[in-house]
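Listed below, chain by chain, are the residues.
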Amino acid sequence: MQAEADSISSSVAKRVLPGFGLSLGVSLFFLGLVVLLPITGLFIRAAGMGWEAFWFVISDPRVVAAFRVTVLTALAASLFNCVFGVLMAWVLVRYSFPGRRLLDALMDLPFALPTAVAGITLAALFAENGWYGQALARVGIEVAYTPLGIIVAMAFTSVPFVVRTVQPVLEDLPGEDEEAAMSLGASDLTVFRRILLPSLWPAIVTGGGLSFARSLGEYGAVIFIAGNSPYISEVISLMILVRLEEYDFPAASAIAAVVLTASLVLLLVINIWQERSVKRLRGG
Amino acid sequence: MTQTTRSLITALALAIAVTAPASAQTRELLNSSYDIARELFADYNTLFKAHWKEQTGETVTIRQSHAGSSKQARAILQGLKADVVTYNQVTDVNILAERGRLIPTDWADRLPNNSSPYYSTMAFLVREGNPKDIDNWDDLVREDVDLIMPNPKTSGNARYTFLAAMGYAQQRFGDDPERIDAFLSDLLERVQVFDSGGRGSTTTFVERGLGDVLLTFESEVNNIATLHPDQRFEVVVPEVSFRAEFPVTMIDANVEANGTEDLARAYLEHLYSTEAQRLLAGFNYRVHDDTVQAENADRFPNVELLSVEEIAGSWDNAMEIFASGGRLDQLQRR
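Everything numeric here is computed off the predicted structure, so don't read it as measured data.

The helix and strand inventory of chain A stands at 14 helices and zero strands. Along the longest, intermediate and shortest principal axes, the C-alpha atoms of chain A span 60 × 60 × 30 Å. Intrachain contacts of chain A at a sequence separation of at least 6 include 75% that bridge at least 24 residues. Per element, the accessible surface of chain A, about 15700 Å² overall, is 70% carbon and sulfur.

Bringing the sheet that holds strand S7 (residues 191-195) of chain B into the picture now. All names here are of chain B. The mixed open sheet is built from five strands, whose spatial order is S7-S6-S8-S5-S9. Sheet topology places S7 and strand S9 (234-236) at the edges, where each strand pairs with a single neighbour. Each strand of the sheet is rotated relative to its neighbour by a mean of 30°, with strand direction disregarded. Sheet topology places strand S5 (residues 122-126) next to S9; three bridges connect them, and they run antiparallel. Paired with Val126 across the strands is Glu234, a residue of S9.

A separate point is the environment of Gly149 of chain A. All names here are of chain A. If you trace the backbone, Gly149 turns up in helix H9 (residues 147-172). Each C-alpha atom, one on Gly149 and one on Phe224, is 9.2 Å from the other, the two residues being 75 residues apart in sequence. Once residues within four sequence positions are removed from consideration, Gly149 is found in contact with Val143 and Ile225.

Turning our attention to the sheet that holds strand S3 (residues 84-86) of chain B. Sheets are built from strands paired through backbone hydrogen bonds, the pairs being either parallel or antiparallel. Residue and element names in this part refer to chain B. Reading across the sheet, the four strands line up as S2-S1-S3-S12 and stay open at both edges, with mixed pairing between neighbours. The open sheet has two edge strands, strand S2 (60-67) and strand S12 (248-250), and neither has a second partner. The mean angle between the axes of side-by-side strands here comes to 20°, regardless of whether they run parallel or antiparallel. As defined by bridge partners, strand S1 (residues 27-34) adjoins S3 across three bridges and the pair is classed as parallel. Across the sheet, Ser32 pairs through a bridge with Val85, a residue of S3. Against the sheet, helix H3 (residues 69-77) contacts S1, S2 and S3, and its axis sits at roughly 120° relative to S2.

Moving on, we get to the confidence of the model for chain A. All names here are of chain A. Model confidence for chain A is summarised by a mean pLDDT of 87, while 94% of its residues fall at 70 or above. Looking at the elements of chain A, mean pLDDT is at its lowest for helix H1 (residues 2-13), recorded as 49, and at its highest for helix H4 (residues 61-94), recorded as 95. Overall, residues 1-11 carries pLDDT values under 50, and its contacts beyond four positions in sequence, including any with other chains, amount to two contacts.

On to the interface of chain B and chain A. Taken together, the contact pairs 29 residues of chain B with 25 residues of chain A. On the chain B side of the contact with chain A, Arg74, Arg208 and Arg334 of chain B bury the most area, a combined 26% of that side's loss. Viewed at the interface, chain A and chain B are joined by three salt bridges. With a closest N to O distance of 3.0 Å, Asp329 of chain B and Arg62 of chain A form a salt bridge. Inspection of the chain B/chain A interface yields 11 residue pairs in polar contact (both at pLDDT 80 or more). Contributions of two or more residues to the side of chain B that touches chain A are made by H3, helix H4 (90-98), S7 and helix H17 (327-332) of chain B. Per-element accounting of the side of chain B that touches chain A gives the leading share, five residues, to H3 of chain B. Looking at the side of chain B that touches chain A, its residues break down into eight nonpolar, 10 polar and 11 charged.

Residue and element names in this part refer to chain B. One pass over the full model with this rule turns up 24 aromatic pairs over all chains. Ring plane angle 85° and centroid distance 6.2 Å describe the contact between Phe41 and Tyr44, whose orientation is recorded as edge-to-face. One end of the pair is Phe41 and the other is Tyr44, both in helix H2 (residues 38-56) and three residues apart, which spans about a single turn. With respect to burial, Phe41 and Tyr44 carry one shared label: buried. What links up through ring pairs into an aromatic cluster is the set Tyr34, Tyr118, Tyr160, Phe217, Phe242, Phe246, Tyr285 and Trp315. The ring of Tyr119 carries Arg243 above its face, with NZ or CZ at 4.6 Å from the centroid.

Across soluble globular proteins, nonpolar side chains have a tendency to be buried as a group. Residues and elements named next belong to chain B. Formed by 92 residues in total, the largest nonpolar core has its most connected members in Leu96 and Phe242. At 10 residues, helix H7 (residues 156-173) tops the list of elements feeding residues into this core. Not counting chain neighbours up to four residues away, the residues in contact with Leu96 comprise Ala73, Ile76, Leu77, Val85, Tyr87, Arg101, Leu102, Ile103 and Ile251.

Okay, helix H8 (residues 177-189) of chain B next. Compared with the 18 Å implied by 1.5 Å per residue over 13 residues, the 18 Å span of H8 of chain B between its first and last C-alpha is a close match. Buried residues belonging to H8 of chain B abut helix H6 (137-140), strand S6 (147-150), H7, S7 and H17 of chain B.

As a further point, take the pattern of salt bridges. Taken as a whole and judged by the stated rule, the model has 26 salt bridges over all chains. The partner of Arg62 of chain A in a salt bridge is Glu234 of chain A, and the shortest N-O contact between them spans 2.7 Å. Remark: Glu234 of chain A occurs in the loop between helix H12 (220-223) and helix H13 (236-245) and Arg62 of chain A occurs in helix H4; sequence separation between them is 172 residues. In terms of burial, Arg62 of chain A and Glu234 of chain A fall into one category: buried. It is possible to trace a salt-bridge network through shared partners that takes in Asp60, Arg62, Glu234, Arg243 and Glu246 of chain A together with Lys153 and Asp329 of chain B.

Now for the layout of surface pockets. Reported here for the largest pocket is a volume of approximately 620 Å³. Looking at the largest pocket, it is lined by 31 residues, and the ones nearest its centre are Asp35, Gly68, Ser196, Gly197 and Gly198 of chain B. Elements with a contribution of two residues or more to the lining of the largest pocket: H12 and H13 of chain A together with H3, H7 and helix H9 (198-206) of chain B. When grouped by side-chain class, the residues that make up the lining of the largest pocket number nine nonpolar, 15 polar and seven charged.

The relative placement of two packed helices is expressed as an angle between their axes plus a distance between the axes. Residues and elements named next belong to chain A. Orientation of helix H3 (residues 50-58) relative to helix H14 (residues 249-281), taken along the N-to-C sense of each, is 75°, at an axis distance of 9 Å. Classed by the angle they form, the pair H3 and H14 counts as roughly perpendicular. Contacts between H3 and H14 involve Phe54, Val57 and Ile58 on the former and, on the latter, Ala251, Ala254, Ile255 and Val258. Partitioned by chemical class, the residues of the contact of H3 with H14 number seven nonpolar, no polar and no charged.

One non-glycine residue, Tyr247 of chain A, adopts positive backbone phi at about 60°. Position of Tyr247 of chain A relative to the elements: it lies in the loop between H13 and H14. Phi angles above zero are rare outside glycine, and Ser115 of chain B is one such case at about 60°.

Quick notes on the rules
- Residue indices follow the written sequence of each chain, beginning from 1 at its first position.
- The order in which chains are written sets their letters, starting at A; the order in which ligands are written sets their numbers, starting at 1.
- With the structure being a predicted model, the display of local features is reserved for residues of pLDDT at least 70 and the display and counting of side-chain atom pairs for 80 or more, all residues being used for whole-chain, interface and lining totals.
- Hydrogen atoms and water are omitted, and side-chain values are computed over all heavy atoms in the structure.
- In this description a helix means any DSSP run of H or I spanning at least four residues, a strand means any run of E spanning at least two, and both kinds are numbered starting from the N terminus.
- Note on contacts: a residue pair qualifies if any of its non-hydrogen atoms lie within 4.5 Å across the two residues.
- Computed by Shrake-Rupley with a 1.4 Å probe, the accessible areas treat only the displayed protein chains as cover when residues are assessed.
- DSSP-based pairing: two strands are paired if at least 2 bridges between them are found.
- Inter-axis angles, ranging from 0 to 180 degrees, are taken between N-to-C directions of lines fitted to C-alpha atoms, where helices are fitted over the stretch in contact.
- Per-residue confidence from the predictor is reported as pLDDT, a score between 0 and 100.
- Buried area is a sum: the accessible area each of two parts loses on coming together, probed at 1.4 Å, counted once for each and added.
- Here, a salt bridge means any side-chain nitrogen of Lys or Arg that lies within 4 Å of a carboxyl oxygen of Asp or Glu.
- Here a polar contact is taken to be a pair of N or O atoms separated by no more than 3.5 Å, where protein atoms must pair a possible hydrogen donor with a possible acceptor and residues adjacent in sequence count only if both atoms sit in side chains.
- Residue classes follow a fixed rule: Ala, Val, Leu, Ile, Met, Phe, Trp, Tyr, Cys and Pro count as nonpolar, while Asp, Glu, Lys and Arg count as charged, and any other residue, Gly among them, counts as polar.
- Think of it this way: a Phe, Tyr or Trp ring, Trp meaning its six-membered ring, pairs with another when their centres are within 6.5 Å, and the plane angle makes it stacked under 30 degrees, edge-to-face over 60, tilted otherwise.
- Using a 1.4 Å probe on the protein chains alone, a residue whose accessible area is under 20% of its type maximum counts as buried, one over 50% counts as exposed, and one in between counts as partly exposed.
- To sit over a ring, a charge needs its Lys NZ or Arg CZ within 6 Å of the ring centre and within 35 degrees of the ring normal.
- Take the buried residues of types Ala, Val, Leu, Ile, Met, Phe, Trp, Tyr and Cys, join any two whose side-chain atoms come within 4.5 Å, and each joined set is a nonpolar core.
- Helix span, as expected, comes to 1.5 Å for every residue beyond the first.
- Residues are said to line a cavity or pocket when one of their atoms sits within 4 Å of a point; the points come from a 1 Å grid over protein atoms alone, cavities being sets where a 1.4 Å probe fits but cannot get out and pockets being open sets with protein on both sides within 12 Å along at least five of seven lines.
- Grid points are joined across faces, edges and corners, and a volume is the space filled by probe spheres set on the points.
- By the definition adopted for this analysis, an angle is roughly parallel if under 35 degrees, roughly antiparallel if over 145, roughly perpendicular if from 65 to 115, and oblique otherwise.

Below, the structure written as structure tokens:
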């Protein structure tokens, strides 16, 4: 531990950027300019309406239904991503095969692709006359224009969060621990459960949390595949657009403020939780 | 003439001479329009540019901006300096007067026919051979029929369809508001997918193969049928429908700032010329010009078109229906 602390302090001594004060100042300035200022503006706009009006807007049954649909589908998508994302990261880190670099690069595609393009593509694939939709229709599963479609769209746009948070942790994890456990006769499942999972757990939760936060506000990808039936497949971002369409800017801001607060709280909780579990892992 | 006035005049003349070359450069006009009018105005712009060149010798550039018409109106409210608007909803132009104070509230009286050079109505597109036997509004509430239309909350197109259905129901059920509401609620219940705009619904119906009936503008329905001859869609125009007007106006505050008032006025007035009306009819819009009307009599069935005043009393009343907590919300409540 002591040696590690020393190495950290020695690396701090060699700073590339000029002065801590200046670096921090510049970072905070841009953070304020790009993130805090617009967010404060949004809150002020929402706050201008008073608590009663605010509550009236966000407790509208249709809005509440949209909140419910959004949270449930985002949860399902994030859970799926936690499983699939870990698998993907695992394959990318622990195996070498031709095309691995390509696969690694492809993993970022959902981030690079405009979400509307993703939405249109997914809708085309999963519609009853699409490639996947046809096959799924034969077994009686409807994806496009149902809440299942929302889950697919959300999972697609946010899976890199899990992969990219789990991947580096997995890379740092020494393979020797697994080999040692296996040489002592542990089954594959035991190795995964007792050796890998405890170390990967914080990264998985972080990735899953980011994926959830992103899914809450997803619009472009979802809108084309959701069907947008009131109370069944309307997401919260659509409700914001509806209020804008009615020229009701305060109401749109009010709903947006709720989503924003949820995302901020979630990110904060993840950060605190992650810090604690990292300490615990290091035995601190 | 005193020395001072003379020098003033000289200065003025000089100033004009200096600014004249600037105004002789190509002037620009920005037309803010609705989503599905892209091709229409691309053609009209060519027509108008030739006309303006012939009239004044000036070459002008006309820029187009297309999106949902409420989104376009919001952009102007937030400061986009569009010179003219050509929308598919009266309310989106009204908002520019009421909220933005960019145009006078009586803008609709500035040009003939409520400043709407063309109009359309709501119609149905059905699949080859009309397998579900759809020919009127009553057929749309049948259990075995799936409908595709945009979301009335986000699309003017869908609001018109709702008003058309309401007009029909009022005629059919007279003074029985409960039966009218039941009919409208059934109709909404039959909708399989609510896309956020008209083009999205078209994609859902044509490309994804969903639904038995697509509800949209007669003009759009005809365009689709022409564009996809292989799918052999059929067009059904119900006997009672809504008169959907396409309001145009110049943005006074902006044309003043841009120095384009004469150009903007001519751009809009020329929409009423016979050649422009012929072009509009070519895009399956109904027009006011008698000659063009006669030429296209067989393409536009003579049906009863109700105005918003006849159905809801006024645009303000109509928009109440779609406001949050309004009648539409109540009909869709579960």
